[in-house]
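The residues making up each chain are set out below.
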Amino acid sequence: MEVIARFAPSPTGRLHVGNVRTALINWLYVRERGGKFILRIDDTDLERSTNDYEQGIKDDLSWLGLNWDETFNQSHRFPMYEEAADKLRADGLLYACYETSEELDRQRKLQRVQGKPPVYNRAGLSLTDEEKAAFEKEGRKPHWRFKLSGKTVTWRDMVRGEQSVDTSSLSDPVLIRGDGSFLYTLPSVVDDIEAKITHVIRGEDHVTNSGAQIEIFQALSDHLPTFAHTPLLVGKDGKGLSKRLGSLSMEELREQGFEPLAICSLLGKIGTSDPIEARPSMEVLAEEFGFDKIGRAPARFDEEELLLINGRLLHDMPYEAVKEHLESLNVGGGEDFWNVIRSNITKVVDSAAWSTTLYSPMPGVIDDEDREFCAAAANALPDDITDGTWSDWTNTLKVDHARKGKTLYMPLRKALTGRERGPEMGPILKLLGAEKAKARLCGEVA
Ligand code: GLU
């Protein structure tokens with residue numbers, strides 16, 4: 001059986017870490033099985049959905065490498081949803097209700113004081129034609145509710161195992177609003193049937209929804225997908241995602257200079273039994289993915305981990321993979337430069353500072369007590385710098401000046417780079433070249 005899954009964002013904002021994780025899990029599951037990944041744009045809410053957000057979502061997914069095989073918009077399919085609604089009406093499963101939201105509020109308050117659950121009283125079901133006509137005459141427009149069976153719906157969830165939702169504890173869900181617009185519930189089922197979705201993979205905030213939606217699936221067709229509800233993301237302290245993290249968008253992470261693969265490595269591993277670490281490619285992430293590895297505990301999202309993973313990825317990143325990015329940042333130096341500095345940066349943008357350090361004119365930083373030593377070191381430096389120069393040179397200096405360890409190396413590092421920390425000095429010296437190195441050792445701008 002071909003796996004067909006979908007990611008169904010609403011274009012009412014940009015993608016954030018939570019919904020990207022859902023997209024990623026769908027994608028990984030499909031890719032590993034050679035199936036089909038559908039991007040469905042849930043834009044039934046015409047007022048809040050915008051083309052810009054839709055384009056932004058598509059840009060974010062493309063940037064992350066989450067390519068889709070097909071995409072469509074719900075707003076282009078209203079006739080299909082109307083048809084499904086007509087079928088439900090004809091079967092007595094979709095009924096008109098005329099309560100205003102104030103009336104419903106009052107009902108719920110009353111139920112609360114009576115210690116009853118706030119479940120809709122189904123008054124709409126027993127309205128006579130005359131009563132309905134009287135409401136219409138008053139200018140009221142009906143909203144439409146799906147009649148739940150009142151039985152317990154069960155399914156085997158790929159993450160949560162046996163699940164059951166007692167539909168007698170739920171209000172019959174509103175499928176169509178008073179203004180005739182569709183809520184997400186029915187269009188989603190109609191589309192999942194039509195696209196033959198085999199797996200509905202989404203966050204566990206949809207579990208109760210699934211109870212009602214399964215009854216709608218059964219009312220409309222013989223097709224029923226398998227469900228997987230993944231635990232929600234929480235912050236590193238185990239509490240719900242802070243407002244800031246919850247809305248942390250891909251756009252921001254991209255602007256902050258994170259690698260898409262770092263984001264996918266982290267989001268693909270948190271909440272699973274695998275170690276949280278940088279993975280070399282999306283293919284490897286897909287191979288390693290499995291629902292059996294996803295636990296019931298919430299997945300902890302920690303920005304610091306993202307930074308570590310980002311750095312880790314750069315340490316092994318070949319020049320070819322980063323060339324364009326370096327060029328866009330105007331960072332010169334080429335492959336030799338990249339190979340030297342990549343293990344000392346956590347983001348590609350940090351390479352700009354190293355490029356300035358190595359290639360822009362600057363004076364070496366020399367403490368007074370090291371001035372003589374550095375000048376002597378400049379004298380002792382050969383004009384032709386090779387791979388072995390650093391160790392030969394410092395071995396000579398060690399003997400001649402009776403210096404070792406930090407007192408030997410630190411003045412040289414500071415004079416040559418202006419910094420106390422950085423990549424290995426052998427390759428740095430080679431990148432600088434003898435002329436620049438000598439000048440900096442003598443305190444000159446070079
Ligand atoms: N548009 C829905 C949401 O973002 C989709 C849920 C689903 O995957 O069915 O919550």
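Note that the structure is a prediction, hence the values are computed from the model and not measured.

1. What about the overall build of the protein?
Next, step 1: Across its full length, the protein holds 20 helices and 12 strands.
Next, step 2: Relative to its length of 446 residues, the protein is extended, with a C-alpha radius of gyration of 31 Å against a globular reference of 22 Å.
Next, step 3: Projecting the C-alpha coordinates of the protein onto the three principal axes gives extents of approximately 105 × 45 × 40 Å.
Next, step 4: Residues counted as buried form 48% of the 446 residues belonging to the protein.
Next, step 5: Partitioning the contacts of the protein with sequence separation of at least 6, the portion at a separation of at least 24 is 75%.
Next, step 6: With an accessible surface of roughly 21,700 Å², the protein has 48% of that area assigned to carbon and sulfur atoms.
Next, step 7: Across the protein, the mean location of the 57 positive side-chain charges is 5 Å away from that of the 73 negative side-chain charges.

2. As for the side chain of K436
Next, step 1: Residue position: K436 is located in helix α20 (residues 434-441).
Next, step 2: Among buried Asp, Glu, Lys and Arg side chains, K436 stands out as unpaired, with E435 the closest opposite charge at 9.2 Å.
Next, step 3: Reaching out from K436, the side chain makes a polar contact with the backbone oxygen of L358 at a distance of 3.5 Å.
Next, step 4: If near-sequence neighbours (up to four positions away) are discounted, K436 is found in contact with L358, Y359, S360 and A446.

3. Considerations on the site of the ligand
Next, step 1: Taken together, R6, A8, S10, D42, Y184, S188, R202 and H206 form the complete shell of residues around the ligand.
Next, step 2: Within the side chain of R6, an N or O atom sits 2.7 Å from an oxygen atom of the ligand.
Next, step 3: Note that a nitrogen atom of the ligand is positioned 3.5 Å from one of the side-chain N or O atoms of S10.
Next, step 4: Relative to its unbound accessible surface of 300 Å², the ligand loses 77% to contact with the protein.
Next, step 5: Within the shell around the ligand, the residues separate by chemical class into 2 nonpolar, 3 polar and 3 charged.

4. Section: the pairing of strand β6 (residues 152-157)
Next, step 1: Side-chain alternation along β6 places V153, W155 and D157 on a buried face and T152, T154 and R156 on a face that remains uncovered.
Next, step 2: Of the strand pairs in this sheet, β6 and strand β7 (residues 161-166) are connected by 6 bridges, and their pairing is antiparallel. Bridged to W155 within β7 is Q163.
Next, step 3: Where β6 hands over to β7, the hairpin turn is made up of 3 residues, counted between the paired strands.

5. Remarks on helix α14 (residues 334-341)
Next, step 1: Within the sequence span of α14, burial applies to F337, W338, V340 and I341. The arc enclosing the buried residues of α14, seen along the axis, measures out at 165°, which places them on a common side.

6. Describing the packing of aromatic side chains
To describe a pair of aromatic rings, you give the distance between the ring centres and the angle between the ring planes.
Next, step 1: Taken as a whole, this structure holds 11 aromatic pairs when the rule is applied.
Next, step 2: On the basis of an interplanar angle of 80° and a centroid distance of 5.2 Å, the ring pair of F289 and F291 is categorised as edge-to-face. Each member of the pair F289 and F291 is classed as buried.
Next, step 3: Through a chain of ring-to-ring contacts, the aromatic side chains of Y29, F289 and F291 assemble into a single cluster.
Next, step 4: Above the face of the F72 ring, R77 is positioned so that its terminal group lies 3.9 Å from the ring centre.
Next, step 5: Across the ring face of W144, the terminal group of R89 is positioned such that the distance to the ring centre comes to 4.1 Å.

7. As for the environment of R342
Next, step 1: Along the chain, R342 falls in the loop between α14 and α15 (351-359).
Next, step 2: Along the chain, R342 and T208 lie 134 residues apart, while their C-alpha atoms are 48 Å from each other.
Next, step 3: In contact with R342, not counting residues within four places along its chain, are L314, H315, D316, M317 and P318.
Next, step 4: Of the polar contacts made by the side chain of R342, one reaches the backbone oxygen of H315; its length is 3.2 Å.

8. Comments concerning the side chain of D60
Next, step 1: Mapping D60 onto the fold places it in helix α2 (residues 51-64).
Next, step 2: Judged by relative accessible area, which is 0%, D60 ranks as buried.
Next, step 3: Each residue touching D60, except ones within four places of it in the same chain, is listed here: R14, L15, M250, E251 and R254.

9. Focus on the pattern of salt bridges
Opposite charge on two side chains permits them to pair, given that their charged atoms come into close proximity.
Next, step 1: Inspection of every chain in the model, using the stated rule, returns 33 salt bridges.
Next, step 2: Among the ionic pairs, K293 bridges to D274, the shortest N-O distance being 3.1 Å. Residue K293 is located in the loop between α11 (282-288) and β12 (299-301), and its partner D274 is located in the loop between α10 (260-269) and α11; the two are separated by 19 residues in the primary sequence.
Next, step 3: A salt bridge links E288 to R279; the nearest nitrogen and oxygen atoms lie 2.7 Å apart.
Next, step 4: One connected set of salt bridges, linked through shared partners, spans K269, D274, E277, R279, E288 and K293.

10. Observations concerning the pairing of strand β3 (residues 70-73)
The side chains of a regular strand alternate, first on one face of the sheet and then on the other.
Next, step 1: Inspection of the sheet shows strand β2 (residues 36-41) paired to β3 by 4 bridges, in the parallel sense. Across the sheet, residue L39 finds its bridge partner in β3, namely T71.
Next, step 2: Running through α2, the crossover from β2 to the neighbouring parallel element β3 is right-handed.

Basis of the calculations
- Residues numbered from 1 in each chain as written.
- Predicted model: local features only at pLDDT ≥ 70, side-chain atom pairs only at ≥ 80, totals over all residues.
- Heavy atoms only, no water.
- Helix = DSSP H or I, 4+ residues; strand = E, 2+ residues; numbered from the N terminus.
- Rg over C-alpha atoms; globule rule 2.2 N^0.38 Å.
- Buried < 20%, exposed > 50% of the residue type's maximum accessible area, 1.4 Å probe, protein only.
- Contact = heavy atoms within 4.5 Å.
- Areas by Shrake-Rupley, 256 points an atom, 1.4 Å probe, with all protein chains shown as cover.
- Lys, Arg positive; Asp, Glu negative; His and termini not counted.
- Charge placed at Lys NZ, Arg CZ, Asp CG, Glu CD.
- Salt bridge = Lys/Arg side-chain N within 4 Å of Asp/Glu carboxyl O.
- Polar contact = N/O pair within 3.5 Å; in protein donor to acceptor, adjacent residues only side chain to side chain.
- Near = heavy atom within 4 Å.
- Nonpolar A, V, L, I, M, F, W, Y, C, P; charged D, E, K, R; others polar.
- Pairing = 2+ DSSP bridges.
- Arc of directions from axis to C-beta.
- Phe/Tyr/Trp six-rings, centres within 6.5 Å; stacked < 30°, edge-to-face > 60°.
- Lys NZ or Arg CZ within 6 Å of the ring centre and 35° of its normal.
- Right-handed = clockwise from strand over helix to strand, strands pointing away.

This is a description of form; function is not addressed.
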